[in-house]
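# Topology and contacts: notes
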Amino acid sequence: MAKDAAGTVLSVEGREVQITHPDKLYFSSQARISKLDLVRYYLSVAPGALAGIRDRPIVLKRFVNGAEAEAFYQKRAPTQRPHWLRTVTLSFPSGRTAEEIVVDDAPGLAWIVNLGCIELHPHPVRADNLDHPDELRIDLDPVQGVSWADVRRVALEVQGLLEELGLRGWPKTSGSRGMHVNVRIEPRWTFAEVRRAAVAFSRAVERRVPALASSKWWKEERHGVFLDYNQNAKDRTTCSGYSVRPLPDARVSAPLLWHEVPDCDPADFTMFTIPERFARIGDPQAGMDAEPGSLDKLLELADNDEANGLGDAPWPPHFRKTEAEAPRVTPSRAKSGVKKPRVKMPLIVVANSPDKTAALAGLERWKSKHSQIAGFLAADDVLVDSMRGRSSTWTRVRVNLRHVAESLRPPPETPDPDDDPTREWRQRHKRKAAKED
């Protein structure tokens, strides 16, 4: 390793990778971790980290000011990049295209981490077959207040159903509150078909454990652990194995063996513990590519669901509406063909912020201000939404007052804080649409 005026230069597998501002703190509120520490972590687990991203286009989620600051998504490859990094051009549902980075080796991994990529976000396709995913992604996302024990129980139901379908799942902690189970599949199906299989799988798990699992897209209908089938829609990415998450303890999305799932604790897997675990047991998912499976049985499940009146499930809002999709509106606002009083959930927004910590602090201020009302709230009455715009994310916190008597409900107030980074863009879009009409 050498230092020059521009920072630190690492020699990685015969290539020189410049690390700019190596001492810049990327974590500071609990653990103190510099950019160079982060690069060294990824190099220590490079075979595992690369297994999840190699030969795949990757979205650069950049935390240029560290884990405590706002991140932004960069799809397009930087123009200033090493000659040895390759790219591929993807097309998206919007009709736009983007030339994205493909990372195949440890030098490339170090280079994107130097850009501020604390976590890794690969697409579920290979560079030579961009229209046919080779991975079914099962994302277990608990609603607010759901215990980690319930997440583990649902994960074991996922394992059982996959085995019945002749598929093998590879579990990992999400590095946050949930768990991911990835399934290697043959690249024979389109994104739409893979998502259709994911919808059927989510509904099947919900039928097996209806008290614990939910396949409902609208948050007001969810309970327990939500199986987010839309993570299989084109242009969606999730963090891959060994990704460091922007949490104060530098928690990691840790690949697991199935026998570890019943007793695992996500807090055990951090930047400080994973390298030793990796050196001791290797990568629990090292054999994933050797066992691609078929979606035929899952697509048969989807056919059966449709025959029984279950059509397409809702898509994310920026996707074009499909013919089989139900009206894209929250159930509480949907209009029925039968004239009857419409039930509208009493939802109020209490905080908007690119900083999740600030948004949650706003929630606590709201609870303190309305302490009597807060006592009526159930765990799932607090909705903490991770909102994703075109290139950034922010946190929206809403409160459902359904358990509060109407006479006691406070009127909507200006959220505190109220920083929605997409508001200006949405207002411009509305003005443009109004002019076109």
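Throughout what follows, the structure given in this document is the object of discussion. Here the structure is a predicted model, which means the values were calculated and not measured. (Residues numbered from 1 in each chain as written. Predicted model: local features only at pLDDT ≥ 70, side-chain atom pairs only at ≥ 80, totals over all residues. Heavy atoms only, no water.)

## So, the environment of Arg-168
Threshold: Helix and strand assignments come from DSSP, with helices taken as H or I runs of at least 4 residues and strands as E runs of at least 2, each series counted from the N terminus. Should any heavy atoms of two residues lie within 4.5 Å, those residues are counted as being in contact. Counting of polar contacts relies on pairs of N or O atoms within 3.5 Å, with two restrictions inside protein: one atom must be capable of donating a hydrogen and the other of accepting it, and residues adjacent in sequence are counted only when both atoms are side-chain atoms.
Mapped onto the fold, Arg-168 is located in the loop between α4 (148–164) and β12 (170–173). When the C-alpha positions of Arg-168 and Met-288 are compared, they lie 8.7 Å apart, and in sequence the two are 120 residues distant. Aside from chain neighbours lying at most four places away, what touches Arg-168 is Asn-182, Val-183, Arg-184 and Glu-291. In terms of polar contacts, Arg-168 uses its side chain to reach the side chain of Glu-291, at 2.7 Å.

## Description of empty space enclosed by the protein
To be explicit about the condition: Using a grid of 1 Å spacing that covers the protein atoms alone, one calls a set of points a cavity when a 1.4 Å probe fits there but cannot get out, and a pocket when the set is open and has protein on both sides within 12 Å along at least five of seven lines; lining residues are those with an atom within 4 Å of a point. Grid points are joined across faces, edges and corners, and a volume is the space filled by probe spheres set on the points. All residues other than Ala, Val, Leu, Ile, Met, Phe, Trp, Tyr, Cys, Pro, Asp, Glu, Lys and Arg, Gly among them, are scored as polar; the first ten of these are nonpolar and the last four charged.
Taken as a whole and judged by the stated rule, the model has two cavities of 30 Å³ or more. Put simply, the largest cavity is a space of about 40 Å³. What lines the largest cavity is Arg-137, Ile-138, Asp-139, Ala-198, Phe-201, Ser-202, Leu-227, Asp-228, Tyr-229 and Asn-232. Considering only residue class, the lining of the largest cavity consists of five nonpolar, two polar and three charged.

## Looking at the pattern of salt bridges
Between side chains of opposite charge, pairing is possible as soon as their charged atoms come close. The test is simple: By definition here, a salt bridge exists when the distance from a side-chain nitrogen of Lys or Arg to a carboxyl oxygen of Asp or Glu is within 4 Å. Only protein chains enter the accessibility calculation, which uses a 1.4 Å probe; a residue is then buried when its area is under 20% of its type maximum, exposed when over 50%, and partly exposed in between.
For the structure on display, the rule yields 30 salt bridges. For Glu-119, the salt bridge identified is with Lys-61, shortest N-O distance 2.8 Å. Taken together, the residues span a long stretch of sequence, with Glu-119 in the loop between α3 (106–114) and β10 (121–122) and Lys-61 in strand β6 (residues 57–62) at a distance of 58 residues. With a relative accessible area of 1%, Glu-119 lands in the buried category. Given the relative accessible area of 10%, Lys-61 is considered buried. For Arg-280, the salt bridge is made with Glu-276, and the minimal N-O distance between the two is 3.0 Å. In this pair, Arg-280 and Glu-276 both sit in helix α6 (residues 274–281), four residues apart, roughly one turn of the helix. Note on Arg-280: relative accessible area 55%, which makes it exposed.

## Quick word on the nonpolar core
Threshold: Buried Ala, Val, Leu, Ile, Met, Phe, Trp, Tyr and Cys residues form a nonpolar core when they are joined through side-chain atoms within 4.5 Å.
By size, the foremost hydrophobic cluster in this structure holds 91 residues, and its most contacted members are Ile-138, Val-158, Phe-201 and Val-244. With eight residues, the top contributor of residues to this core is helix α5 (residues 191–208). Residues contacting Val-158, with those up to four places away along its chain left out, are Ile-138, Leu-140, Val-181, Phe-201, Val-205 and Leu-227. Counting residues in hydrophobic clusters, the runner-up holds 13 residues, among them Val-382, Val-399, Leu-401 and Val-404.

## What about helix α7 (residues 296–307)?
Note the cut-off: To estimate the expected span of a helix, subtract one from its residue number and multiply by 1.5 Å. What the arc measures is the spread of directions leading from the helix axis to the C-beta atoms.
Along its twelve residues, α7 runs 17 Å from first to last C-alpha, staying within 8% of the 16 Å computed at 1.5 Å per residue. Within α7, the full set of buried residues consists of Leu-298, Leu-299, Ala-302 and Asp-305. Along the axis of α7, the buried residues cluster in a sector spanning 105°; they form a single face. Looking at the residues trailing α7, positive phi occurs at Gly-309, about 95°.

## Quick look at the pairing of strand β2 (residues 7–12)
Operational definition: The pairing criterion is simple: DSSP has to find at least two bridges between the two strands.
Across the six residues that make up β2, a large majority, five, are buried. Pairing between β2 and strand β3 (residues 15–20): six bridges, direction antiparallel. Of the residues in β3, the one forming a bridge with Leu-10 is Val-17. Where β2 hands over to β3, the hairpin turn is made up of two residues, of which Glu-13 adopts a positive phi near 50°.

## Section: helix α8 (residues 356–369)
In a regular helix each residue adds 1.5 Å, so 14 residues correspond to 20 Å; α8 covers 20 Å between its end C-alpha atoms and thus fits that length. Among the residues of α8, those classed as buried are Ala-359, Gly-362, Leu-363 and Trp-366. Projected down its long axis, α8 carries its buried residues within an arc of 105°, all on one side. Of the exposed residues in α8, those oriented more than 90 degrees away from the buried face are Thr-357 and Ser-368. Capping the start of α8, Asp-355 holds a side-chain oxygen 3.0 Å from the backbone nitrogen of Thr-357, two or three residues further along.

## Describing the sheet that holds strand β13 (residues 179–184)
Pairing within the open sheet is mixed, and its five strands lie in the order β12-β13-β11-β15-β14. Where the open sheet ends on each side, the last strands, each with one partner, are β12 and β14 (213–214). Both β14 and strand β15 (residues 225–227) contribute to a ladder of two bridges, which runs parallel. Paired with Ala-213 across the two strands is Val-225, which belongs to β15.

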